[in-house]
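What follows is each chain in one-letter form.
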Amino acid sequence: MSRNNKTRQNCPHCNSEQELNYYQSVNVTLNPELKSKVLSGKLNDSICTNCHKEINIVSGFFYHDMSQKIMLELALADDDTVDHKEEDAKNQLRDKLIEQGYIYRKLKQYPRLTEKITILDQKLNDLVIEQVTHRMKSILDESIKEVGSIEGNFDFKVFFKKIESSLFKKKIVFHCFSHPSQIMEMKYDFKNLTSDEKNKLYNQDILRK
Ligand SMILES: [Zn+2]
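Residues numbered from 1 in each chain as written. Predicted model: local features only at pLDDT ≥ 70, side-chain atom pairs only at ≥ 80, totals over all residues.

Visitor: I'm lost on the overall build of the protein chain in this one. Help?
Guide: Across its full length, the protein chain carries five helices and 10 strands. Put simply, the protein chain has 209 residues, and 19% of those count as buried. The contacts of the protein chain with a sequence gap of at least 6 include a subset with a gap of at least 24, amounting to 51%. (Helix = DSSP H or I, 4+ residues; strand = E, 2+ residues; numbered from the N terminus. Buried ≥ 20, exposed ≤ 12 C-beta atoms within 10 Å, placed from the backbone. Contact = placed C-beta atoms within 7 Å.)

Visitor: Explain the domain arrangement of the protein chain here, please?
Guide: Frequently, the measure chosen for interface size is the accessible area that the parts lose on association. When the domains of the protein chain are assigned, the result is domain 1 (3–119) and domain 2 (126–207). A C-alpha centroid distance of 27 Å is found between domain 1 and domain 2. Taken together, the contact between domain 1 and domain 2 spans six residues of the former and six residues of the latter. In terms of residue count, helix 3 (residues 110–121) provides more of the side of domain 1 that touches domain 2 than any other element does, five residues in total. The residue makeup of the side of domain 1 that touches domain 2, split by class, is three nonpolar, one polar and two charged. (Domains from an automatic or database assignment. Nonpolar A, V, L, I, M, F, W, Y, C, P; charged D, E, K, R; others polar.)

Visitor: Sorry, what's going on with helix 4 (residues 126–146) here?
Guide: Compared with the 30 Å implied by 1.5 Å per residue over 21 residues, the 30 Å span of helix 4 between its first and last C-alpha is a close match. Residues of helix 4 that are buried include every one of Asp126, Val128, Ile129, Val132, Thr133, Met136 and Leu140, and no others. An end-on view of helix 4 places all buried positions within 145 degrees of arc, on one side of the element. The exposed residues of helix 4 that point more than 90 degrees off its buried face are His134, Ser138, Glu142, Lys145 and Glu146. Packed against the buried residues of helix 4 are helix 3, strand 8 (157–165), strand 9 (170–177), strand 10 (184–189) and helix 5 (195–200). (Expected span 1.5 Å × (residues − 1). Arc of directions from axis to C-beta.)

Visitor: In this structure, what is going on with the sheet that holds strand 8? I would like to understand it.
Guide: A sheet is described by the order of its strands in space; here three strands give the open sequence 8-9-10, paired in antiparallel fashion. Two strands lie at the open edges of the sheet, namely strand 8 and strand 10, each paired on one side alone. The mean inter-strand angle of the sheet, taken between neighbouring strand axes irrespective of direction, is 30 degrees. Bridge analysis of strand 9 against strand 10 gives six bridges, and the strand direction is antiparallel. The residue of strand 10 that forms the bridge with Cys176 is Met184. (Pairing = 2+ DSSP bridges. Axes fitted to C-alpha atoms, helices over the stretch in contact; angles between N-to-C directions.)

Visitor: Sorry, what's going on with the sheet that holds strand 2 (residues 17–27) here?
Guide: Either a parallel or an antiparallel arrangement is found when strands of a sheet pair, and the pairing is made through backbone hydrogen bonds. Pairing in this open sheet of five strands is mixed, and the strands run 1-2-5-6-7 from one edge to the other. Only two strands of the sheet have a single partner each, and these edge strands are strand 1 (3–10) and strand 7 (103–107). Taking each pair of neighbouring strands and ignoring which way they run, the sheet shows an average axis angle of 25 degrees. One ladder, built from five bridges, connects strand 6 (residues 70–74) with strand 7; its direction is parallel. Each bridged residue has a counterpart across the sheet, and for Ile70 the counterpart in strand 7 is Ile103. Seen against the sheet, helix 3 touches strand 5 (61–65), strand 6 and strand 7 and runs at an angle of roughly 170 degrees to strand 6.

Structural data, given as structure tokens:
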């Protein structure tokens, strides 16, 4: 079951007090209509009853896919009011699900949550993708250092997009950027994967207990 909650907040645009709904957990097996909202980042969007502008509540939640046995927890980094009781309850839930053969992941940023859903939906081993993502990031960070004339602080973000297959070649496609307005598409050839990575890439069973 998906669970939502209500909160009273002032609209950031016109300051009128609003009662807003937000989700604490989303079950995409029982409520498949919510999945596209999660993926588009519009899960907790409301329209202000006064000025009719969009209000987006940024809040952590659980993403639960019962059919694929996947549980993702979005725990936003600035949620530093850690409630220990709540934390214990979450850990118990996590252990129970892992015991049942679930893949359980905790993400600290919304874009990493949607990336994880994309990876797992394509039946890929997300840990292999993570390794290649880190490698891709080092390649980019190194290459920018070599271009000595460029000033500034580049911290590349690398996100998995898809697997591209042609007749003889397979590539992992990433979107990379140091600023979201300049997204580069980068491709990582399968032939550069280690044999261990090649073996595990399409194996999700080894991620489960
Ligand atoms: Zn308003």
